[in-house]
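What follows is each chain in one-letter form.
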Amino acid sequence: MPTNEMEEIEISTISGKPDNAVAVRNAYKRYTSTNVILDGLNMTVGEGTIYGLLGPSGCGKTTLLNCIVGRTELDAGNIQLKVKKRSEVGYMPQFLNLHDQMTIFENFFFYGYLYGMDSENIKARAIDLIAFLDLPSGHRFVKTLSGGQQRRVSIAIAFIHDPKLLILDEPTVGLDPVLSQSIWERLLEMTTKGKTIIITTHYIQEARQAHTIGLMRSGILLAEEPPNHLIEKFGCNDLEEAFLALSHKQESAPKDPTINYPKINQHVKAYFEDDSKTFSNKTFRGIMYKNLTLLKREYIFMLFVVILPIVQTYLFNVAIGRKPRNLNIAVVNEEISSCQYSASYSGCFLDEKQNVSLSCLYLEFLKNDSYNFVQYDDDDIALNDVRKNKVWGLLHFQNNYTKSLANRVTEGTRVSPEDVTSSLMNTWVDLSNQYIGNFIRYDIVRSMFSFLRQALVNCGENPKLGALPLSFEQPVFGSFDENFISYASTAILCLCCFFFPSILTGGLILTEKLGGMIERMMVAGVTMIEMMASVMVIQVFVHIIQTTLVMIVMYWVFDNPFEGSLTTLSILMMVTGFAGMFFGFMLAVINSEMAITAYSGICTNIVLCFTSGLVWPIEAEHWLLRSVSWVFPLTWTVDAARGICSKNFAFLHPVVLKGFASTIVWNFIFVYIIYFFIKYKKDVWVAKK
C-alpha cells in the first residue's frame, strides 16, 4: 500500500484477516503550515492482535493514537474502527493523567462508573488488577505512590472495564523488567480472547512480542509487518538494525511534506455511536462521585471558599463608606477665650446676646467622634498647620459673632454690613482628599442649619428664618443619612455572586485540564453537558451558602438598607452566580496556564468594578465609556439589584427585568464560547500545552 511516495520502501499490511480492528487511510495532520505530524499515513491493525507502534519522540505516535480515540481530528484521511462505542475502548495516555488526591480504589470506581459498570463489578476487577500489577493497598492515595506505581494504576484504569480495543501509550516506561514481561504476557493472553491492542514503546526489543510492528518516522509508517519478517527481510539481527536500515532509505529519498498537502477537512475523526449522546445518568454519576470525593479532600479549599465571602463582606463594611474619625480641626474663637460648653442651654440668644456665646454652643453642637478641636489664637498659625497637614480645616469666629448674628435675625434687611460680615463663621478646609474634605464641608453646613433651627425654636421664632429659600422634602427613596456604603453594598453583593463561583469553577476545571484528566475523561465518553451539569450541582450548593452568608453579613449584621423582595433578589443573585460559574468555566477552557487564568479573572474584576457602576455612577463616566458600559455583564444587574434593595422594585419593573435579561444573555454568551472551544478548539481546552 503506497503511502510515502518512496518506491524503495515497501510497506506491507496484514493479510489473512477478513476483519481489521483499526484501519487508518491517507491520514494527514499538521499544527502549522510547516509542522506536518502525519503525512499520508496508512495503518492496519488486525483484530485479536498486538500492534507495536515504534518510532522516535516527535514522530507522531501520540497524535496518531489521539486521532484513533477521537481526541484529535485529522486534516484529511479516514479512520475506521470495528468497535462502535467508547466503552469498548481502553486508553492509557502517555502522561499519567490521574487524580492524585483520590485513592487507587476511588480512581477505579470513578472510571468504572464512567464506563457504566456497577460497584460490585468494579470492586472485583479492582482486586484482580491490584494483584496482577503488584499495586499497594487500594486505600493508598495516588499522590503517595512512586512513579512506577502510578503508571501501573494508569494501566489498570485502561483495563478496568475489559475493553475490546486497548490503546496503551508507552505503558512500560520505568517499570521493573519482570513486571513488564508479566504485562506483556497478560496482553498476549487477552488477544486469545479476541482483544485488540495497540501499544507504543521505546523498547524496540520488547516489541518483538507483538504480532505486528509499525515502524514510524516523520509522520509515515516505514514498515508494517510481523517483527520476524522485518528482521529476515533486511537480514538484520534485531529490530533496531531493521529500523535503522529503513530510516537510511527514507533519508536517501527526502521529501517536503508541505508539498501537495491536501485540503483540510476538520471533520475527519474516528466515529463512535455514543458520541451523539449529550447526557448519561451513569456518566453523570461517575463525575459527581469524583467531584464530591475531591471536594471532601480539599476541605481547606472549601473552608476558604466559605470563609472568603464573609471576610470580604465584613472588611468592606468596616473599612468602606464609614464616617471619618478623629479629624483635627483648628478653631480660632475671638468671641471668647475659653468656652464653657452648655449642651443643655435652651434660652433665647436674641434676648441674651450679651450673656451667651453662640460660637461655643455651635462647637458643642458640632462636637462628635469625627472631630478633635484644636484651639489656636492666630489665624495665620492655624492656616499654616492646615498647609502642613496637621489639621484638616479651620473654623474662625469673630469677637462679636453672637451679637452680629442676633442683629442679622432681628433687623433683617436693615442689618449693617459690619454685622453681616461679623456673623459669618469663616471656614478653610483641606480639599486635597475629596472624600474627607467634602465630608467636613457637608457636615459643617448641615450642622449649622440644624443648630440655627433649634436656636430659633428656643426663641419662639419660625425655624425657617435660618434656612435657605429651599426646602428638601422627605426623600422619595433612601434617607438623608445615606452614605457610600449604602450605595455600594448592593454592588459588592453582585460582585461576590459573580466572582466567587468563577473562582471555584475555574479552579476545578483548570486543575483537571492541566493535569490531563479531562483528556482521559473525554476519551471515556464524558461530554461537555455532563461536565457542566456536575459542576453546576456542586456550584449551586456552594453558591447558596456563599450568597446566604454575604446577605446575612451585609443586611443583618451591618443593617444596610433593604426594602424589597428577598425572593426576587435571591433569584437574581442565583442567575448571576450561574453567569460567574460559566465565566470561570470559559476562562479555564480558553487558557492553558493557571497564572494567565488568575490574571484574566483579576483584570476582569477590576474592569467591572470601574465600568459597571459598582463603585461610581455610570452617569459620571466619560461619555465614550458610558456609551458602551451597558454591555458589561454586571451593569444592568447592579442597577436591578439596587432597584430591588433600595426602591422595592417588583420583578416586573423594567429596571429589574433588564437586569435579569442582561444576566441571562451573558449566560448564553459564556456557554456559546465554551461550546465553540470545546467543539472546534479541542486541542486548546482538554490538555495542557
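This structure is a prediction, so every number in the text was calculated from the model and none was measured.

Rules of the game
- Residues numbered from 1 in each chain as written.
- Predicted model: local features only at pLDDT ≥ 70, side-chain atom pairs only at ≥ 80, totals over all residues.
- Heavy atoms only, no water.
- Helix = DSSP H or I, 4+ residues; strand = E, 2+ residues; numbered from the N terminus.
- Rg over C-alpha atoms; globule rule 2.2 N^0.38 Å.
- Buried < 20%, exposed > 50% of the residue type's maximum accessible area, 1.4 Å probe, protein only.
- Contact = heavy atoms within 4.5 Å.
- Areas by Shrake-Rupley, 256 points an atom, 1.4 Å probe, with all protein chains shown as cover.
- Disulfide = S-S within 2.5 Å.
- Pairing = 2+ DSSP bridges.
- Axes fitted to C-alpha atoms, helices over the stretch in contact; angles between N-to-C directions.
- pLDDT = per-residue confidence, 0-100.
- Core = buried A, V, L, I, M, F, W, Y, C linked by side-chain atoms within 4.5 Å.
- Left-handed = near helix turned anticlockwise from the far one by under 90°.
- Nonpolar A, V, L, I, M, F, W, Y, C, P; charged D, E, K, R; others polar.
- Patch = residues over 30% accessible without salt bridge, like charges linked within 9 Å, V, L, I, M, F, W, Y side chains within 5 Å.
- Salt bridge = Lys/Arg side-chain N within 4 Å of Asp/Glu carboxyl O.
- Expected span 1.5 Å × (residues − 1).
- Bend = angle between axes of the 7 residues up to and from the residue.
- 1 Å grid on protein atoms, 1.4 Å probe; cavity = no way out; pocket = protein on both sides within 12 Å on 5 of 7 lines; lining within 4 Å.
- Points joined across faces, edges and corners; volume = space filled by probe spheres on them.

## Quick notes on the overall build of the chain
Thought 1: Counting its regular elements, the chain contains 23 helices and 13 strands.
Thought 2: Taken against the 2.2 N^0.38 rule, which gives 26 Å for 689 residues, the C-alpha radius of gyration of the chain at 39 Å runs more than 25% over that of a compact globule.
Thought 3: Taking the principal axes of its C-alpha atoms as reference, the chain extends roughly 130 × 55 × 45 Å.
Thought 4: Taken across its 689 residues, the chain has 51% of its residues classed as buried.
Thought 5: A separation of at least 24 residues holds for 76% of the contacts in the chain among residues at least 6 apart in sequence.
Thought 6: On the chain, roughly 32,400 Å² of surface is accessible, and the fraction owed to carbon and sulfur atoms is 58%.

## Regarding the environment of Leu315
Thought 1: Among the structural elements, Leu315 can be located in helix α9 (residues 299-319).
Thought 2: Sequence separation of Leu315 and Ser337 is 22 residues, and the distance between their C-alpha atoms is 43 Å.

## Thoughts on the state of the cysteines
Thought 1: Under the criterion given, the structure shown has one disulfide.
Thought 2: What pairs with Cys348 in a disulfide is Cys459, and their sulfur atoms sit 2.0 Å apart. On the S-S bond that ties Cys348 to Cys459, the torsion sits near 105°, and the link is right-handed. A residue pair is termed long-range when its members are at least 10 positions apart, and Cys348 in the loop between β10 (327-333) and α10 (358-366) and Cys459 in the loop between α14 (434-458) and α15 (484-514) qualify at 111 residues.
Thought 3: With no disulfide of its own, Cys494 lies closest to Cys497 among cysteine sulfurs, the gap being 6.8 Å.
Thought 4: Owing to a relative accessible area of 0%, Cys494 belongs among the buried residues under this scheme.

## Here's the deal with the sheet that holds strand β1 (residues 20-30)
Thought 1: Across the sheet, three strands lie side by side as β2-β1-β4; this open sheet has antiparallel pairing. Each of the sheet's edge strands pairs with one partner strand only, and the pair in question is β2 (36-46) and β4 (76-81). Strand after strand, the sheet turns through a mean of 10° between neighbouring axes, direction not considered.
Thought 2: Pairing of β1 with β4 involves five bridges; the strand directions are antiparallel. Looking at β4, one finds that Val24 is bridged to Ile79.

## Observations concerning the confidence of the model for the chain
Detail in the predicted coordinates should be disregarded across regions flagged by low pLDDT.
Thought 1: Here the chain averages 86 in pLDDT, while 95% of its residues score no lower than 70.
Thought 2: Contacts for the low-pLDDT stretch residues 1-18, under 50 throughout, to residues beyond four places or in other chains number 40 contacts.

## Re the nonpolar core
Thought 1: Core analysis: the biggest nonpolar cluster contains 115 residues, and Phe108, Phe159, Leu187, Leu569 and Ile674 have the highest contact counts within it.
Thought 2: Of the residues forming this core, the biggest block, 14 residues, is contributed by α15.

## A look at the packing of helix α21 (residues 635-647) against helix α22 (residues 654-680)
Thought 1: Two numbers describe how α21 lies on α22: the axes approach to 8 Å, and their chain directions differ by 145°. In the crossing of α21 with α22, the sense of the turn from one axis to the other is left-handed. Across the interface between the two elements, Trp636, Thr637, Asp639, Ala640 and Ile644 from α21 touch Val655, Val656, Lys658, Gly659, Ser662 and Thr663 from α22.
Thought 2: By residue class, the composition of the contact of α21 with α22 is five nonpolar, four polar and two charged.

## A few points about a nonpolar patch on the surface
Thought 1: There is a patch of nonpolar side chains on the surface, built from Ile596, Tyr599, Ile602, Ile606, Phe610, Val615 and Trp616 and spanning about 740 Å² of accessible area.
Thought 2: As for its position among the elements, Ile596 is in helix α19 (residues 594-611).
Thought 3: On the basis of relative accessible area, Ile596 is assigned to the partly exposed category, the value being 37%.

## Focus: α9
The periodicity of an α-helix, 3.6 residues per turn, causes residues three or four positions apart to be oriented the same way.
Thought 1: Over its 21 residues, α9 extends 29 Å from the first C-alpha to the last, a length consistent with the 30 Å expected when each residue adds 1.5 Å.
Thought 2: The sharpest bend along α9 reaches about 30° and sits at Ile307, with the proline Pro309 one to four residues further on.
Thought 3: What α9 keeps buried is the set Met302, Val305, Pro309, Thr313, Phe316 and Asn317.
Thought 4: At its buried positions, α9 is contacted by α8 (281-297), α15 and α17 (528-557).
Thought 5: Taken from the residues just after α9, Gly321 is the one with a positive phi, measuring 80°.

## Concerning the pattern of salt bridges
Thought 1: Applying the stated rule across the entire model yields 13 salt bridges.
Thought 2: Arg186 is the salt-bridge partner of Asp128, the closest N and O atoms lying 3.0 Å from each other. Here the residue Asp128 occupies a position in helix α3 (residues 119-132), and Arg186 occupies one in helix α5 (residues 177-191), the gap between them amounting to 58 residues.
Thought 3: With a closest N to O distance of 3.8 Å, Lys193 and Glu189 form a salt bridge.
Thought 4: Overall, the relative accessible area of 42% leaves Glu189 in the partly exposed class.

## Focus on the layout of surface pockets
Thought 1: Taken as a whole, the largest pocket holds about 1,400 Å³ of empty space.
Thought 2: Forming the boundary of the largest pocket are 42 residues, of which Glu482, Asn483, Phe484, Ser486 and Tyr487 lie nearest the centre.
Thought 3: Mapped onto the lining of the largest pocket, the elements with two or more residues apiece are α14, α15 and α21.
Thought 4: If one sorts the elements of the lining of the largest pocket by residue count, α21 sits on top with eight residues.
Thought 5: Of the residues contributing to the lining of the largest pocket, the split by class is 17 nonpolar, 13 polar and 12 charged.

## Topic: the sheet that holds strand β11 (residues 371-375)
Thought 1: Spatially, the four strands line up as an open sheet ordered β11-β10-β12-β13, and their pairing is mixed. Each edge of the sheet is formed by a strand with only one pairing partner; in this case those strands are β11 and β13 (426-429). Pairs of neighbouring strands in the sheet enclose a mean axial angle of 20°, with direction left out of account.
Thought 2: In the sheet, strand β12 (residues 393-397) pairs with β13 via four bridges, with the strands oriented antiparallel.

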